[in-house]
Every structure is written in C-alpha cells, then in structure tokens.
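So you can see what is in the structure, the chains are spelled out below.
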Amino acid sequence: MIELNPMIIFVAAIFTNNMIFSNFLGMCSYIAVSKEITTSLGLGQAVTFVLACTAVINYFIYYYILIPFNLEFLRFIIFIISIAAFVQLLEMILERYLPNLYYALGIFLPLITVNCAILGVSLFMIIRNYTFLQSFAFSVGSGIGWTLAIVALAGIRQRIKIASVPKGLQGPGIALITTGLMALAFIGFSGIVQIQ
Amino acid sequence: MSNILIPTVIFALMSAIFALLLTIADRTVNNYGEVKMTINEEKEYTVEGGSTLLSTLIEEKIFIPSACGGKGTCGYCKVQIDEGGGPVLATEMTHLTEDDLKNNVRLSCQCKVKQDIKIQIPEELFNVREYDAVVENITDLTDVIKLLRFKLPEDAEINFKPGQYVQLKAPIYEGNDEEVYRAYSIASSPTMKNYLELVIGYVPEGIATTYVHRHLTVGDEVSINGPYGDFHYHDNDREMIMVATGTGVAPILSLLNYMKEHNIKRKARFYFGAKTPKDLFMLDYFKELEETLFDFKFIPTLSRVTDDDDWDGERGRVNNAIDKLLEDGEDKEGYLCGNEAMIESVVKSLTSKGVPEELIYYDKF
Ligand SMILES: Cc1cc2nc3c(=O)[nH]c(=O)nc-3n(C[C@H](O)[C@H](O)[C@H](O)COP(=O)(O)OP(=O)(O)OC[C@H]3O[C@@H](n4cnc5c(N)ncnc54)[C@H](O)[C@@H]3O)c2cc1C
Ligand code: FES
C-alpha cells in the first residue's frame, strides 16, 4: 500500500469520501437535526469531537489490547462500549461546563452513541490499516465532513421551509432527495484525491 | 479453555474500567455538592446541587405552580432568579417575555441548581402544600358539571383566600398515559379548613375532566396542591359586581360563603350567565342567599331561551344584562370568572360604566 499523507486523508475525508455523501453513514441524526443551522452546527461539533476522541481511544484499544491477545473479533462490541461510555462522559462534562450546548443538543447527544458514522470511522481505520496519525486525520476529517454536510443541508432546509413542497414530500422526504442531489454534487470533488 | 476464558476476562475487565471511569465522573463532574439557596433574601436552605430548581423546591416542600410536570411546556413555573441561575437556556426562550428577561424571571423546571442561588418567589407560595385528599361526595349540578367534595387528611389544614384555586393531579389511567395537573377554583369557604369543594365541568376528551367525570368515585384518593392565584376577595366597602358563566361559579360560591359566614355587610350583585335553563344550577341556594346576606341580588341571564321556556329572568348575554341593569360604576369592583370571550366583553361593559380597570379582578378558565 502506498503511504498516504495524513493531510491527503484529511482532505479526502471531508470532500471525496464524505461520511454522508459517499458512505451514507450517520443518516438518522443528519436528517433529524438539520432543521436549523445553529443546532446542526452544534451537533456537528459534538460529532467531530466524539469521532476524534473515540478514534484515538479505539486505536489504542485495538492495537495494544485486542491484537496482543488475538481478540480482534471483539472489536465491534468493545468499540461500541467505549463509544457509549465516552458519550456519557461527554454528556456530564457538557452539562456542567457548557449547559447551553447541552440543552441545545438535548436528546441528540445520547443519540451520537448510536451514530453509525462514529463506529464506521473506527472500523474503517482498522480495515484500511491506517497508522495512528492517519487515523487521527481521518477521524477529524470525517467529523468536519459530516458537519459540513449537515450544516449545508440545514441551510437548504431553512430555505425550503418557505417553498411549496408537495405534501407527501415535506420533511424527511425532501431532505433525502436534497441529500441525493448534494451527493451528486460532491462527486465533482472526486478528481482531487482518492483514498481507500 | 483459554479460548473462552481470555476474551471473557478481557471483555469484563474493559467493561469494568469504563464503568469505573463513569462512576468517578459521576462523583466528581456530576457532583455539585451542597449549595445554598436563598429565598426572598431571608430564608436560607442548604440543598443538594444537581437537580432542577423546581424539584429542589419541591424537596423543600415549596410548591411552584407547574402544569406540565417540568417538561418546559406550560410556562407556569416562573421564578425570579437573582443570582446563580446560569445563562438563559434555549428551552426557556419560548415562554419568557422581554419583561421576564429583564427581571431575571426563569423557568424553574429548566434551570439546574449548581451553585449558590438567590431567588424570589411570592410569599403566598410558602403556604402551598400537597394533600392526599379523599373524595367524599359527588353531586351532579347539570349534565356536564359536578360538585366534588374532598376531605383532607386528619392532621392537614388548608389556608386560602376565597377565590383562589388548587391544582388537581390527574394520574395515568386507561386512555391517558401522562400525569397532568389542572387548576380548579375552590368553591368552599376558607373557614372549612378540612374540606375542599370543587366544581368541575366536563371537557370532551379533556385529560383531567374525563378522569373526574368518568373514573373518580367516592372513596378514591387524589393528589391536590395549592392554594394559588391572585384572584381573591378584597376587603373594602365597594359594591361587588360578580359575574360568572359555567364552572366560573366556583370561586364566586367561595366568596359568597365567606361573606355569609363572616356576616360581611356589603352590597353585592351576582350575574350568572348561561345558555338555557338546564345550564343553571344551585338556583335555590342563591335565592336563599338573597334572604340571608346583607344586600345581595342574584341575576341569572339566559342567552338562548325561547318563548316556550318558562323564564321570567334576564335574557341575552351577561354583558347585555350588565349594560341594562348597572347604573354607574362608581364605588364598585368586579369579580369575573369564566371563558375568555365573556371576560373580555364584561370588562368592556364595566369600564364603559366607569368601573376602574384595576378594580376588575378575573380568572380566565
Ligand atoms: C385559574 C383557573 C381556574 C380554573 N377553575 C376551574 C374550575 O373551577 N372548574 C373547571 O371545570 N375548570 C376550571 N379551570 C379549567 C381547568 O383548569 C382545565 O383547563 C379544564 O378542566 C380542562 O382540563 P382537561 O385536562 O380536562 O382538558 P385538556 O386535556 O387540557 O384539554 C382537552 C381539549 O379541550 C380543550 N379545552 C380545554 N379547556 C377547555 C374549556 N374550558 N372549554 C373548551 N375546551 C377546552 C383543549 O384545548 C384541548 O383541545 C380553571 C382554569 C384556571 C386557569
Ligand atoms: S413546569 Fe411547565 S414549564 Fe416548567
């Protein structure tokens, strides 16, 4: 495998291998929280933070505990537990020190636990044999990419609110169609860099 | 053997580490310790930090009106927080007016007590208690209105001003999966400290009223808290113009009973508005009060009588009766209870006769 520069992975994770537009991971909170730019920006930041931290934690767990004991097959369940514990911890810390963000996120913060993008990033970094630096760049990039996607959708949805969307398509329906169009637009970036 | 043992041990160990971390965080990050709560600059409480202000107050047996049970949707639980409330949260914004924001008024069910806190609450709220009352009697006043009498526990007493209301808790029952509190004006006189009487009308598909009308029977226990409210008897010599429609009669009953028991010598007129004769109730009792009270007149008015009805009282809406019978508003004050439309039109009639607006007291049901 060619050694990919972490910087390349970082840019690719944002644009060409965007979690939402090319992997379609983390869709539930993406559709649910993308009604307002401010809240979706908050959630995006939280997801980015959780992604970066859990990728680091899971990296160490995988290479320093699971591999030495030949327990790679446990990675799914262990990653899920570590992500869940981390989100719980984050919730307590936010509530204490950033109550406004905590209340703005409300029910969605615990939902990050079951955001498949988070587990996806941890699993991708292992499947793709990334080094520590590459993994970190990949996770931060993925988080920023996810944020970019949700904030862009929120911006569009705020506009759609005043448009006359056919009744059956209002809400999640039009959001999914919009996402499809945005994904097509993002293909335009694919000439820049490609990662595996 | 070790094939099974090692994964199990490692898995258990890692779970234990995460659990330990969370427990430590719970003890440190989530521990706000003991904090001081100062109410009205005089009463000091030492309370455990970490819960909402509303539940902290309830812990201390101080009851703030709250109709949604702390979900941040009713906007009743407003409290002035002078110090230690933290930033105004997004969840509060929908219920706070500009004046509220200027005066540090917040929703107590949303703010958490995390540091020393100074709050202001109306003095009357210290009087508010929670009672487990037993239904002692249910009487049908009309097809859709019942009079209920509740007995308070042996050692409990309720102190209220005539006109105030209590909150009744409707529990979860078949067809309703949430606990709700609803306001009901006290119909009994404050001298009866051991009983409460409420007049409760049926609202189709209403949570609390369906509970009262369809499920409650004599002997059942209900949770009531109170008293609350600024609508109450004002002691002076002005003539009283009382107006009620439907269940709005409840607080008027309390006022009249109070006046009768204390032998208060004040001129009073009571306009009872309804649609048809069957919507009127307790007519005999009000007639009797005309004899026993100092100078009291009962004026029932019906808006939907036909010539076939045997009716020699006033006709039309209550505000028409007031327009017709009230000479001038001087030295008078108004006590109105009922629906919004009635209150608005009666306030208009009274002010046009010269009753000062600040002397017109009302509860909108
Ligand atoms: C200060 C105060 C004193 C009150 N005193 C009394 C009293 O003495 N006796 C009494 O019966 N009620 C009184 N009420 C009204 C009472 O608190 C409840 O609002 C009412 O009983 C309906 O409650 P519910 O849970 O059955 O209906 P909900 O479940 O709250 O409402 C069900 C549906 O009915 C509608 N609805 C609610 N109330 C009414 C209404 N009055 N007329 C028409 N539609 C309505 C709602 O919009 C909703 O769609 C008082 C209210 C206040 C604020
Ligand atoms: S209790 Fe209803 S808003 Fe606070």
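Residues numbered from 1 in each chain as written. Chains lettered and ligands numbered in written order. Predicted model: local features only at pLDDT ≥ 70, side-chain atom pairs only at ≥ 80, totals over all residues. Heavy atoms only, no water.

**Section: the overall build of chain A**
Here comes step 1: Across its full length, chain A holds nine helices and zero strands.
Here comes step 2: Ordering the α and β elements of chain A from the N terminus gives α-α-α-α-α-α-α-α-α.
Here comes step 3: Across the 196 residues in chain A, those meeting the buried criterion constitute 49%.
Here comes step 4: Long-range pairs, those at least 24 residues apart, make up 79% of the contacts in chain A between residues at least 6 apart in sequence.
Here comes step 5: Accessible surface, chain A as shown: approximately 9,200 Å² in total, 72% of it carbon and sulfur. (Helix = DSSP H or I, 4+ residues; strand = E, 2+ residues; numbered from the N terminus. Buried < 20%, exposed > 50% of the residue type's maximum accessible area, 1.4 Å probe, protein only. Contact = heavy atoms within 4.5 Å. Areas by Shrake-Rupley, 256 points an atom, 1.4 Å probe, with all protein chains shown as cover.)

**Remarks on helix α6 (residues 249–261) of chain B**
Residues and elements named next belong to chain B.
Here comes step 1: With 13 residues, α6 extends 18 Å from end C-alpha to end C-alpha; this agrees with the ideal 18 Å at 1.5 Å per step.
Here comes step 2: Counting buried residues along α6, ten of its 13 residues qualify, which places the element largely inside the surrounding structure.
Here comes step 3: The set of residues buried in α6 consists of Val249, Ala250, Pro251, Ile252, Leu253, Ser254, Leu255, Leu256, Asn257 and Met259.
Here comes step 4: Phi turns positive, to about 50°, at Asn263, one or two residues after α6. (Expected span 1.5 Å × (residues − 1).)

**A closer look at the site of ligand 1**
All names here are of chain B.
Here comes step 1: Around ligand 1 sit 19 residues in total, of which Arg182, Ala183, Tyr184, Ala208 and Thr209 are the nearest.
Here comes step 2: A distance of 2.6 Å is found between an oxygen atom of ligand 1 and a backbone nitrogen or oxygen belonging to Ala183.
Here comes step 3: In this structure, Ser185 approaches ligand 1 through a main-chain N or O atom, which is 3.1 Å from an oxygen atom.
Here comes step 4: Against a free-state accessible area of 920 Å², the protein chains account for coverage of 63% of ligand 1.
Here comes step 5: Of all the elements in the fold, those that place two or more residues in the shell around ligand 1 are β9 (180–185), β10 (195–201), α5 (207–215) and β17 (360–364).
Here comes step 6: Tallying contributions element by element places β9 first for the shell around ligand 1, with four residues. (Near = heavy atom within 4 Å. Polar contact = N/O pair within 3.5 Å; in protein donor to acceptor, adjacent residues only side chain to side chain.)

**Examining the confidence of the model for chain A**
Here comes step 1: Counting all residues, the mean pLDDT for chain A is 89, and 96% of those residues have values of 70 or more.
Here comes step 2: No element of chain A has a lower mean pLDDT than helix α5 (residues 99–105) of chain A, at 72, and none a higher one than helix α8 (residues 132–160) of chain A, at 95. (pLDDT = per-residue confidence, 0-100.)

**Points about the interface of chain B and chain A**
Here comes step 1: Each side of the interface is counted separately: chain B has 24 residues, and chain A has 21 residues.
Here comes step 2: In total, chain B and chain A occlude about 2,000 Å² of area from one another, counting both sides; carbon and sulfur atoms represent 75% of this.
Here comes step 3: Linking chain B with chain A are one salt bridge.
Here comes step 4: With a shortest N-O distance of 2.1 Å, Glu95 of chain A and Lys112 of chain B are connected by a salt bridge.
Here comes step 5: The interface formed by chain B and chain A contains five residue pairs in polar contact (both at pLDDT 80 or more).
Here comes step 6: Those elements that provide at least two residues to the side of chain B that touches chain A are α1 (2–28) and α3 (90–93) of chain B.
Here comes step 7: When residues in the side of chain B that touches chain A are grouped by element, the largest group, twelve residues, is from α1 of chain B.
Here comes step 8: Grouping the constituent residues of the side of chain B that touches chain A by class yields 15 nonpolar, six polar and three charged. (Buried area = accessible area lost by both parts, 1.4 Å probe. Salt bridge = Lys/Arg side-chain N within 4 Å of Asp/Glu carboxyl O. Nonpolar A, V, L, I, M, F, W, Y, C, P; charged D, E, K, R; others polar.)

**Observations concerning the sheet that holds strand β13 (residues 267–274) of chain B**
Residue and element names in this part refer to chain B.
Here comes step 1: Strand order in the open sheet formed by six strands is β15-β14-β13-β12-β16-β17, with parallel pairing between adjacent strands. Looking at strand neighbours, the two that pair on one side only are β15 (314–315) and β17, the edges of this open sheet.
Here comes step 2: Note that β13 and strand β14 (residues 295–302) share eight bridges and pair parallel. Its bridge partner lying in β14, Phe270 is registered against Phe298.
Here comes step 3: With respect to the sheet, α6 is in contact with β12 (239–245), β13, β14 and β16 (332–338), its orientation differing from that of β12 by roughly 145°. (Pairing = 2+ DSSP bridges. Axes fitted to C-alpha atoms, helices over the stretch in contact; angles between N-to-C directions.)

**Considerations on the packing of helix α4 (residues 75–97) of chain A against helix α7 (residues 116–127) of chain A**
Residues and elements named next belong to chain A.
Here comes step 1: Look at α4 against α7: their axes get within 10 Å of each other, and the N-to-C directions meet at 135°. If you check the angle between α4 and α7, you find them oblique. Along this stretch, α4 crosses α7, giving a crossing that reads as right-handed. Across the interface between the two elements, Arg75, Phe76, Phe79, Ile80 and Ile83 from α4 touch Ile118, Leu119, Ser122, Leu123 and Ile126 from α7.
Here comes step 2: Grouping the constituent residues of the contact of α4 with α7 by class yields eight nonpolar, one polar and one charged. (Parallel < 35°, antiparallel > 145°, perpendicular 65-115°, else oblique. Left-handed = near helix turned anticlockwise from the far one by under 90°.)

**Quick notes on unusual backbone geometry**
It is generally the case that most residues other than glycine have a negative phi and that most peptide bonds are trans.
Here comes step 1: Gly226 of chain B connects to Pro227 of chain B through a cis peptide bond whose omega is 0°.
Here comes step 2: Tracing the sequence through the fold places Pro227 of chain B in strand β11 (residues 221–228).
Here comes step 3: Of note in the backbone geometry, Asn129 of chain A takes a positive phi value of approximately 55° without being a glycine.
Here comes step 4: Among the secondary structure elements, Asn129 of chain A is positioned in the loop between α7 and α8.
Here comes step 5: Overall, the relative accessible area of 56% leaves Asn129 of chain A in the exposed class.
Here comes step 6: A positive phi angle, close to 60°, is found at Glu41 of chain B, a residue other than glycine.
Here comes step 7: Along the chain, Glu41 of chain B falls in the loop between β1 (34–39) and β2 (43–48).

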